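The lines below spell out each chain.
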Amino acid sequence: MADSNGYYDLDLKRVMVLDNYEEMSKAAAEIVINTIKNKERTVLGMATGSTPLGLYGNLVQGYKQGKVDFSNTVSFNLDEYVGLDSGHSQSYNYYMRENLFSLVNIEHDHVNIPHGFSENSDKDCNEDCINYETKIQQSGGIDLQILGIGNNGHIGFNEPGTSFDSITRKVKLADETIKANARFFDDESDVPKYAISMGIKSIMRARKIILLASGIEKAHAIEKTVKGSITNMVPASILQLHPEVIYIVDKDAGKNL
Ligand code: GLP
């Protein structure tokens, strides 16, 4: 049974199982808006993928209705593909501009997205990753991190097997992730093989985390994340050790809870 706030209490974990994608997106937007309202300056951790699109739509609507002001918000995105420039329609830079940043009043220089370097520039890439991590700390750390989840339990692009001590770095995408993300590209061979991703440690440093999941294909990953043992073979399972995480899922994704 859900309590009066809509939370299911699974061994003290905060889980909201909502009727559908729209309800999931609205609940997430409410948390983001309240976080921004209650702080003078908010540092948000942003996610991409299809899951947070509804959340971003609700944030844009909230902004247009005068319910939220992004002028004192700083953002750090979780990840970016390697090898796609910011103008590429499948880059996460483009995604964020199209779906949120160009539609609200966030300051251009408050937006941070890992730089998708070319496949060969590992040296610049390492330096940039360290700078990204430093900038998060210098901004005061992430107040609220938004997460989606891969079918294999990945968060950001932290694939199964990733060390829980990882920070922002270049990562190789798992074959299953390349297959899952092929739907956004003309051909599977066009999906980048590498990405820059904040690490598990970077994510766990956030003060509060909301993880969103929708659809039956996420049910297994959500079950293992919320109720399974904590293992780096299911990267999201580490969230069980975070003091302030809320899992917001629709009925299908929450089917096995
Ligand atoms: C990508 C992203 C993740 C995202 C995941 C799920 O690989 N790097 O941050 O959570 O896919 O995507 P979707 O929401 O489209 O299912």
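Residues numbered from 1 in each chain as written. Predicted model: local features only at pLDDT ≥ 70, side-chain atom pairs only at ≥ 80, totals over all residues. Heavy atoms only, no water.

Q: What should I look at first to understand the overall build of the chain in this one?
A: Check the secondary structure of the chain and you find 7 helices and 11 strands. Scaling as 2.2 N^0.38, a compact globule of 257 residues should have a C-alpha radius of gyration of about 18 Å, and the chain matches this with 17 Å. If you line up the chain on its principal axes, its C-alpha atoms span 55 × 40 × 35 Å. Sorting the 257 residues of the chain into buried and exposed places 52% on the buried side. Considering only contacts in the chain between residues 6 or more positions apart, those separated by 24 or more positions represent 77%. Accessible surface, the chain: about 11800 Å² in total, of which carbon and sulfur atoms supply 47%. One finds the centroid of the 26 positive side-chain charges in the chain at a distance of 4 Å from the centroid of its 35 negative side-chain charges. (Helix = DSSP H or I, 4+ residues; strand = E, 2+ residues; numbered from the N terminus. Rg over C-alpha atoms; globule rule 2.2 N^0.38 Å. Buried < 20%, exposed > 50% of the residue type's maximum accessible area, 1.4 Å probe, protein only. Contact = heavy atoms within 4.5 Å. Areas by Shrake-Rupley, 256 points an atom, 1.4 Å probe, with all protein chains shown as cover. Lys, Arg positive; Asp, Glu negative; His and termini not counted. Charge placed at Lys NZ, Arg CZ, Asp CG, Glu CD.)

Q: Looking at this structure, I do not really get the pairing of strand S9 (residues 194-197). What am I missing?
A: Two strands pair when backbone bridges link them, and strand S5 (residues 79-81) and S9 are joined in this way by 3 bridges, in the antiparallel orientation. Looking at S9, one finds that aspartate 79 is bridged to serine 197. Sheet topology places strand S8 (residues 169-172) next to S9; 4 bridges connect them, and they run antiparallel. Among the inter-strand pairings, arginine 169 is bridged to a residue of S9, identified as serine 197. (Pairing = 2+ DSSP bridges.)

Q: In this structure, what is going on with the site of the ligand? I would like to understand it.
A: In the vicinity of the ligand there are 14 residues, among which Ser50, Thr51, Asp79, Arg183 and Lys218 approach most closely. Residue asparagine 181 places a side-chain N or O atom 3.2 Å away from an oxygen atom belonging to the ligand. If the ligand stood free it would expose 390 Å²; the protein chains cover 95% of that surface. Counted by class, the shell around the ligand contains 3 nonpolar, 8 polar and 3 charged residues. (Near = heavy atom within 4 Å. Polar contact = N/O pair within 3.5 Å; in protein donor to acceptor, adjacent residues only side chain to side chain. Nonpolar A, V, L, I, M, F, W, Y, C, P; charged D, E, K, R; others polar.)

Q: What exactly am I supposed to notice about the packing of aromatic side chains here?
A: Geometrically, a pair of aromatic rings is defined through the distance of the ring centres and the angle of the planes. Going through the model one piece at a time under the given rule, you end up with 8 aromatic pairs. Look at tyrosine 81 and phenylalanine 157: their rings are 5.5 Å apart centre to centre, the planes differ by 45°, and that puts the pair in the tilted class. Here tyrosine 81, found in strand S5, pairs with phenylalanine 157, found in the loop between strand S7 (144-147) and S8; they are 76 residues apart in sequence, far enough to count as distant. By the burial criterion, tyrosine 81 is buried, and phenylalanine 157 matches it. An angle of 80° between the planes, with centres 5.8 Å apart, marks the rings of tyrosine 81 and phenylalanine 185 as edge-to-face. Here the residue tyrosine 81 occupies a position in strand S5, and phenylalanine 185 occupies one in the loop between helix H5 (175-181) and S9, the gap between them amounting to 104 residues. By relative accessible area, which is 10% here, phenylalanine 185 ends up buried. Among the aromatic residues, those joined into a ring-pair cluster are Tyr56, Tyr81, Tyr92, Tyr95, Phe157 and Phe185. A cation over a ring is seen here: lysine 170 above tyrosine 194, with NZ or CZ 4.8 Å from the ring centre. In this arrangement the basic side chain of lysine 172 is found over the ring face of tyrosine 194, its NZ or CZ atom lying 5.7 Å from the centre. (Phe/Tyr/Trp six-rings, centres within 6.5 Å; stacked < 30°, edge-to-face > 60°. Lys NZ or Arg CZ within 6 Å of the ring centre and 35° of its normal.)

Q: Sorry, what's going on with the packing of helix H2 (residues 53-64) against helix H3 (residues 92-99) here?
A: Helices that pack against each other are described as a pair by the angle of their axes relative to one another and the distance between those axes. Relative orientation of the contacting elements H2 and H3 amounts to 40°, with a least axis distance of 10 Å. Relative to H3, H2 is oriented oblique. Here H2 contributes Leu53, Tyr56 and Val60 to the contact with H3, which in turn contributes Tyr95, Met96 and Asn99. The residue makeup of the contact of H2 with H3, split by class, is 5 nonpolar, 1 polar and no charged. (Axes fitted to C-alpha atoms, helices over the stretch in contact; angles between N-to-C directions. Parallel < 35°, antiparallel > 145°, perpendicular 65-115°, else oblique.)

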